[in-house]
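Chain and residue survey
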Amino acid sequence: MSDPPLYLDYAASTPVARPVAQRMAQCLTLEGAFGNPGSAGHVYGERARELVDGARAEVAAAVGAMARDIVFTSGATESNNLALFGVADYYRGSGRHIVTGRTEHKSVLDPCRELERRGWRVTYLAPESDGALDPERVAAAVTAETVLVSVMHVNNETGVIQDIAAMAALCARSGRARFHVDAAQSVGKCALDFNALEIDLMSLSAHKAYGPKGAGALAVSSRRGVQLSPLLHGGGQERSLRSGTVATHQAVGMGAAFTLASAGLEAEARRIAGLKERLWSALRALGGVHLNGAARSVPNILNVSFEGVEGESLLAAVSPQIAVSTGSACSSASADPSYVLRALGRDDRLAESSLRFSFGRFTREDEIEAAAAAVTRAVTRLRRIGGT
Amino acid sequence: MKYSERTRRYFDDPPTAGSLTGPDTVHGAAGSRAQGTWVQFDLRLAAPGTAGSGTSLEIAAARFSAFGCPHVIAVAAWLAEQAVGRRAEPALPESVQALRMRFEAPVEKLGRLLIVEDAWIAAMRAAAGASH
């Protein structure tokens, strides 16, 4: 049996770190903290509650928030939905306008479309060709009717880092619009300081940072007095913002993963940046390649378009050797070209013939060499078949 | 996407990829790279009085070039293989639908396979023109 392909799709998901899995396992069985963290009347519930509170503190510490800011959810998609629908509903009397970017994740764009259907107005800002959103243009889009600005910190396809510090300051100066940041891709890749940056709401994901799938959080700034309406109603858990029994093992896993990801962040970022540069240098030598997202970006994501090759064939040619995402098929169930790359000005062919390489804790130098060789072989072969 | 063993084989190592040049060769192409699928067949015709007879010549060698998905590449490779020894006539060795089944291509690939057929027909017509 042949070796499995090299995993270079860490931006899609990461394996759960062993210490994280061990801590999660301790919350599941009879001898562990299996109680309902909402059951205050006995030791089983109290033990689970303590673990959830500890996890809340760990998540908060990793992103510069206070523990009471953290609302556990099922993941960043739910967090984004809660932020958008929650703010829209709570502040509907103040205005019905939202500002966001064209390269946001679907879990922001689709709620925006739904809000438009319900009568809201949404401004979708186009990025520069390097992927960056100009903070001044964001500020200029805010009107007296704007109740929310939603911008992602790190783009999941290109790795471009938005200047959320400048945007947050400009939003705060407007005095009206709350500022929401989708930071699903940020933890463990670049530093975040929720409170120092004057961010009102921030979405977080566990499984992008060696935690479990199905776990996330929305940081809701209590210091800034942010209010929102819940999506789920029931037992009043999570400050009544997210009813439903908190999954102790998921919260504990997220907390442990975030603590691990924050430790040694700078050294790991340097190591990963070296891998990214190495791969980019090798691919650039092919000629006819384009870096997607030339603005400041996280070290773990490299997105490249290849001239003269068709997207599906490129992925089919490299997939036996490397597991990567493409600009056509993998961003969604459809084979439409990536809307993120289209927003950067790439035509359909270049958007489709892109590969997103994303590196992680277990990526080694020899794997980068092997990946570069596999892509070089595939592109050269397909260009030859294509007569170019 | 999962590919059949046949598709994978012809995509990974298409034996007939390449081009043919010379006075006894004809070419036929269809589609466009900008639209996502482009195919060209190059045919070398047997010299009249040797392998060929009647009004249509026999194909002595065939190659293809393709910009397209794995199914397009695999089907074009297979067709170029099948072309050798055949009379230069527009009909495919089997229908596009049968080719789709042979390579287990999903139905949404039918449009792309029709471009392969168009390229085949263009090449065969060029061959027919050369025989007169």
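These figures come from a predicted structure and were not determined experimentally.

1. Topic: the overall build of chain B
Secondary structure summary: chain B contains four helices and three strands in total. Starting at the N terminus and walking to the C terminus, you meet the elements of chain B as α-β-β-β-α-α-α. Taken over the C-alpha trace, chain B has a radius of gyration of 14 Å; the compact-globule value for 132 residues is 14 Å, and the two agree within 12%. With the C-alpha coordinates aligned to their principal axes, the bounding extent of chain B is approximately 45 × 30 × 25 Å. For chain B, with 132 residues in total, the buried portion stands at 45%.

2. Regarding the pairing of strand β7 (residues 201-205) of chain A
Residues and elements named next belong to chain A. β7 sits mainly inside the fold: five of its five residues count as buried. In terms of strand pairing, strand β6 (residues 178-182) meets β7 through three bridges, oriented parallel. Note on β7: the bridge partner recorded for D182 is S203. Bridge count between β7 and strand β8 (residues 216-220): five bridges; the pairing is antiparallel. For L201, the partnering residue across the bridge sits in β8 and is V220.

3. What about the nonpolar core?
One finds A:V63, A:A219 and B:A76 to be the most contacted residues of the largest nonpolar core, which totals 151 residues. Take this core: its biggest share by element is 10 residues, from helix α2 (residues 70-83) of chain B. There are two domains that each give this core at least three residues, and those are domain 1 (18-262) and domain 2 (264-385) of chain A. In this structure, A:V340, A:L341, A:A343 and A:L350 belong to the second largest nonpolar core, which totals six residues.

4. What about helix α2 (residues 43-63) of chain A?
All names here are of chain A. Compared with an ideal rise of 1.5 Å per residue, which puts 21 residues at 30 Å, α2 spans 31 Å between its outermost C-alpha atoms and is within 8% of the ideal. Where α2 is concerned, the buried positions are A48, L51, V52, A55, R56, E58, V59, A60, A62 and V63. Tucked into the core, α2 has its buried residues touching β2 (70-73), β7, β8 and α7 (248-262). The positive-phi residue at the C-terminal boundary of α2 is G64, with phi of around 75°.

5. Some points on the pairing of strand β3 (residues 59-67) of chain B
Residue and element names in this part refer to chain B. Counting buried positions along β3 gives seven out of nine residues, so the element sits mostly inside the fold. With eight bridges connecting them, strand β2 (residues 37-45) and β3 associate as antiparallel partners. Paired with L43 across the two strands is A62, which belongs to β3.

6. Topic: the interface of chain B and chain A
Taken together, the 17 residues of chain B in the interface contact nine residues of chain A. Residue assignment for the side of chain B that touches chain A shows that the elements contributing at least two residues are β3 and α2 of chain B. When residues in the side of chain B that touches chain A are grouped by element, the largest group, three residues, is from β3(B). Here the side of chain B that touches chain A is composed, by residue class, of 11 nonpolar, five polar and one charged.

7. Structural notes on the confidence of the model for chain B
Residues and elements named next belong to chain B. On average, residues of chain B score 92 in pLDDT, and 91% of them reach the 70 mark or higher. Considering each helix and strand of chain B separately, the mean pLDDT is smallest for helix α4 (residues 110-131), with a value of 92, and largest for helix α1 (residues 5-12), with 98. Both confidence scores are given for the complex: pTM 0.93, ipTM 0.93.

The rules behind these values
- Residues numbered from 1 in each chain as written.
- Chains lettered and ligands numbered in written order.
- Predicted model: local features only at pLDDT ≥ 70, side-chain atom pairs only at ≥ 80, totals over all residues.
- Helix = DSSP H or I, 4+ residues; strand = E, 2+ residues; numbered from the N terminus.
- Rg over C-alpha atoms; globule rule 2.2 N^0.38 Å.
- Buried ≥ 20, exposed ≤ 12 C-beta atoms within 10 Å, placed from the backbone.
- Pairing = 2+ DSSP bridges.
- Core = buried A, V, L, I, M, F, W, Y, C linked by C-beta atoms within 7 Å.
- Domains from an automatic or database assignment.
- Expected span 1.5 Å × (residues − 1).
- Contact = placed C-beta atoms within 7 Å.
- Nonpolar A, V, L, I, M, F, W, Y, C, P; charged D, E, K, R; others polar.
- pLDDT = per-residue confidence, 0-100.

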